[in-house]
Amino acid sequence: MGLHCSILAPSQSAQWRTLSLPLRLPTCLLIRYPPSSPYLRSTQSHPFDIFFLYNWQVLPVSNDCFPPSLCLSLALSPSLFKPLLLHAATSTLPAAFTDLLPHFLVEPEDEYIVKNKPVTLTCRSTPATQIYFKCNGEWVHQDDHLIERTIDPATALPIMQVKIDITRQQVEKVFGLDEYWCQCVAWSTTGTQKSQKAFIRIAYLRKNFEEEPQGKEVTLDQEVLLRCHPPEGVPPPEVEWQRNEDVLDPASDPNFFVTADHNLIIKQARLADTGNYTCAAKNIVARRKSPSATVVVYVNGGWSTWTTWSSCSAVCGRGWQKRSRSCTNPTPLNGGTSCEGQNVQKSACVATCPVDGGWSEWSKWSACGADCSMWRSRECTQPAPSTGGKDCQGLDLQSLNCTSLECPQSESPPLSTHGDVALYVGMVAVALCLTLLLIVVVLVYRRRKEGLDADVADSSILTTGFQPMGIKPTKPENSHLLTIQPDLTSTSTSYQGTLRSRHDTVGKFSMANGPLLDPLPNGSHTLHNGKLGADPGEFVSRLTAQGYFKTLPRDVDNTSYGTFNFLGGRLTLPNTGISLLIPPEAIPRGKIYEIYLTVQRKEDIRLPLAGCQTLLSPVVSCGPPGVVLTRPVILSMDHCSDACPENWAVRLKKQNYEGTWEDVLLMGEEHPSDPYYCQLEAETCRVFSEQMGRFALVGESLHMGAAKRLRLVLFSDAYCTTLEYNIRVYCMDDTQDVFKEVMQMERQLGGRLIDEPHLLLFKDSYHNLRLSIHDMPQAHWRSKLLAGYQEIPFYHIWNGSQRYLHCTFTLERLSLATCQLSCQLCVWQVEGEGQSFGLDFNIAKVTPPALAPTQPKGWAQCSSTALAGPSAFQIPYLIRQKICSSLDTPCPNGADWRMLAQRLKLDRHMSFFASNVSPTSVILDLWEAQHFHSGNINQLATVMADIGKQEAMIFLVSDGEC
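Summarised in this report is the structure supplied together with it. (Residues numbered from 1 in each chain as written. Predicted model: local features only at pLDDT ≥ 70, side-chain atom pairs only at ≥ 80, totals over all residues. Heavy atoms only, no water.)

Concerning helix α8 (residues 877–887)
And step 1. Those residues of α8 lying buried are Tyr877, Ile879, Arg880, Ile883, Cys884, Ser886 and Leu887.
And step 2. If you follow the buried residues of α8, they end up packed against α9 (897–903), α11 (919–930) and α12 (937–947). (Buried < 20%, exposed > 50% of the residue type's maximum accessible area, 1.4 Å probe, protein only. Helix = DSSP H or I, 4+ residues; strand = E, 2+ residues; numbered from the N terminus. Contact = heavy atoms within 4.5 Å.)

The structure is reproduced here in structure tokens:
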């Protein structure tokens, strides 16, 4: 085929001209591109390309299609970017194709590159002869295009689709603020069209949230706002909220609302809304979760209404009645504050004693009736039974047969006058006898009582000066016993025997070890200073045989007892810090009590502790309960609370006869009329009580800063012949009685104390106690413990239910020749401060088993657990009475008992002292309880001299005189 294509090309004069070229194809198109176009496949001889269109298929031609001279003459200006369409004269295009501009069926859209995966852009247009992509103003090379051509069957128009891949490296080459974009350009015979720009971005999602939700504690029905600013990301992440890993849907629960800036609002907090809330952000790259924010919806406790007052505790006379309320309206939940105030109120009451009925006098006999009988009556009106008293026993009507003379049917004269005279004479005689007997009994009783008071008043015990407790006893063979011979058949008591001088210390009032309030075999009570008798378990066995005393401990080491009268005395449990002071005049005159003091083991007594309550003291029993006291006794015992009263609500509990524990005192809210009072010192509490019984000190922490004092004690085996070596670490309440028990147990096990006890404050933070051993010489020792530490649960320590709470560290030495051990013991509370103790000792050193704890100063001079009478006090009885009479009377210049309390640093108890009949005597009782082993008489004398009382001169006794 010898056809020619007409070529339209500009001349050098910028005017177009037509060239005729021989071609062998029926139809041809010549498209010329500027030399700067990336599509130009130029060679050294051609600055343009030639394409032939045959059946709408573009075919490239070789360079020999045109003469070189013609190619050079057809060079176009580089400023022309628009291609020129040259059309063949031998063929014509369809009319529809020549009249339409290309339009896009598919345009490229925005894409995100995830990691290193390229994205594909697609462009489809009809009718189009060519489609090419331009990215960031530059044409994409032809080889990077994937072209597909089809024909629309409905319109017979050509459809062209082009795809290109964009990689991460291409996008990252673009620097600055401009974004990477691409668009496609389509050509037809009529003209060109540009698609929309498609932006290609690198997708990412940062790890850290710009703002994380924070946990909150809110009350019921309060609005809660949880903020969340998700991490920066492309595309912007979507945010959702989760509660306990469950997705929240505000559409299904209108109580939740998510704001436009992704914050979560809980409109009204419910108990069910308590949980862990998480803000989750996700896009096409990753998914991020914020740390959980704990939302606690708590309920503050509220008091219920008061119950009605209970019946009076006493059946007859003065007693107590109480009413209670509970913190259940509502009950505190999720850490809500407990109710403030007392849950029990007590009030004094006087129960009307039951009155048993009594018969009135018999009426006169009636006249003898026709049936030969007469009668008389009486009424139960003297007194009439009331308040539950018993009715009169017996007959209220009595009849008697008349004699034959009294009977109306008899003709004999009546003898009723003679019978009445005999009856009246007999009654008068009986009354006279009873009156004489009563007078004799009263006279004997008064004489014996006066004799007892006279003997005590004249005794040299009450007139001698102070004697220090450290003197040596005189010869025991010269001692005399004070023998009291009570008349157990009547209410009077005889007082016989001699009283020795105060300087004779061995024979001072000692205490009978006989039965509880039973006479001795010889019919007398012998008071002797003493320890337990030959069979000390007899007394404990007798007590535990009774119903109320069945829970008393049966070991004699924890029990002390003695017999006391109005002169008072003292009971002590050695090495426990527990003592009972019975002040003078606390026991009524004429009464003799056998009193005991004992400490309960924790496994024997279970106190009902609730909430944050914990046992702060040993459980101590003194008794017998129910004895009549005219003044309060002082019970001293250790406690283990910290020295911060504002952290605690301390209650004194007492067990009643039914075995129920009751709150009898809340410290800080004492009332002068209460029969109990408690003085809390740094390590000791002293309980003033007008009643004996079983007591314990219980503390309720008011916040997490409250702490108990723990004593850490380390023991090991006294002798070690194997490779294994055990170290036992005891964590116990810082009270002497618990320490004594552990020492006794370790003595039985053959253990030895390897370090001084250490003090640790254990806070009410609900965190466990952890213990670990570090810094052992690895060349000689290794630990057989699998974990890095041992842990004691919080409640085991706080409840105090465990008696011997300890951890055992088993170590192993690599050689039997290794004897020296040095390490660090670390003890700490989780999320709290801890302590570290250095240990360095020789395990082969022969040491005796664990010794008893160090006795307090002054115990060496007093081996007796029971002291009666003047030997139990530092201030003589007579001098004490003179001080009380001098200071009890108010003085205008304040030189009275109030100044004494101030000088002795007891002024914080002024209101309690003032509520007593003799404030001075209570102050001196407290001083005796505090300074029995360490009291300085001269210091007390100096205080009296400062007050300005001349009675203080009595105290000035030289050591030689003592």
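A few points about the state of the cysteines
And step 1. Taken as a whole and judged by the stated rule, the model has seven disulfides.
And step 2. Bridging cysteine 312 to cysteine 349, the disulfide has an S-S length of 2.0 Å. Looking along the S-S bond of the cysteine 312-cysteine 349 disulfide, the torsion reads about 85°, which is the right-handed sense. Here the residue cysteine 312 occupies a position in the loop between β26 (293–298) and β27 (317–324), and cysteine 349 occupies one in strand β28 (residues 344–351), the gap between them amounting to 37 residues.
And step 3. What pairs with cysteine 327 in a disulfide is cysteine 339, and their sulfur atoms sit 2.0 Å apart. Between cysteine 327 and cysteine 339, the disulfide has an S-S torsion of 85° and is therefore right-handed. Placement of cysteine 327 in the loop between β27 and β28 and of cysteine 339 in the loop between β27 and β28 is noted, with a sequence separation of 12 residues between them. In this pair, the class of cysteine 327 matches that of cysteine 339, namely buried.
And step 4. Cysteine cysteine 819 is unpaired, with the sulfur of cysteine 720 as its nearest cysteine sulfur at 8.8 Å.
And step 5. On the basis of relative accessible area, cysteine 819 is assigned to the partly exposed category, the value being 22%. (Disulfide = S-S within 2.5 Å.)

Notes on the packing of α8 against α11
And step 1. In the contact formed by α8 and α11, the axes pass within 8 Å of each other and the chain directions differ by 130°. It follows from the interaxial angle that α8 and α11 lie oblique. Where α8 crosses over α11, the two elements pack in a sense that is right-handed. Residues Arg880, Ile883, Cys884 and Leu887 of α8 form the contact with α11, whose own contacting residues are Thr920, Ser921, Leu924 and Asp925.
And step 2. Of the residues contributing to the contact of α8 with α11, the split by class is four nonpolar, two polar and two charged. (Axes fitted to C-alpha atoms, helices over the stretch in contact; angles between N-to-C directions. Parallel < 35°, antiparallel > 145°, perpendicular 65-115°, else oblique. Left-handed = near helix turned anticlockwise from the far one by under 90°. Nonpolar A, V, L, I, M, F, W, Y, C, P; charged D, E, K, R; others polar.)

Here we look at the side chain of arginine 880
And step 1. Of note, arginine 880 is situated in helix α8.
And step 2. With residues near it in sequence (within four places) discarded, arginine 880 still touches Pro583, Pro584, Arg631, Ile875, Ser921, Leu924 and Asp925.

No statement about biological role is implied by the geometric values presented.
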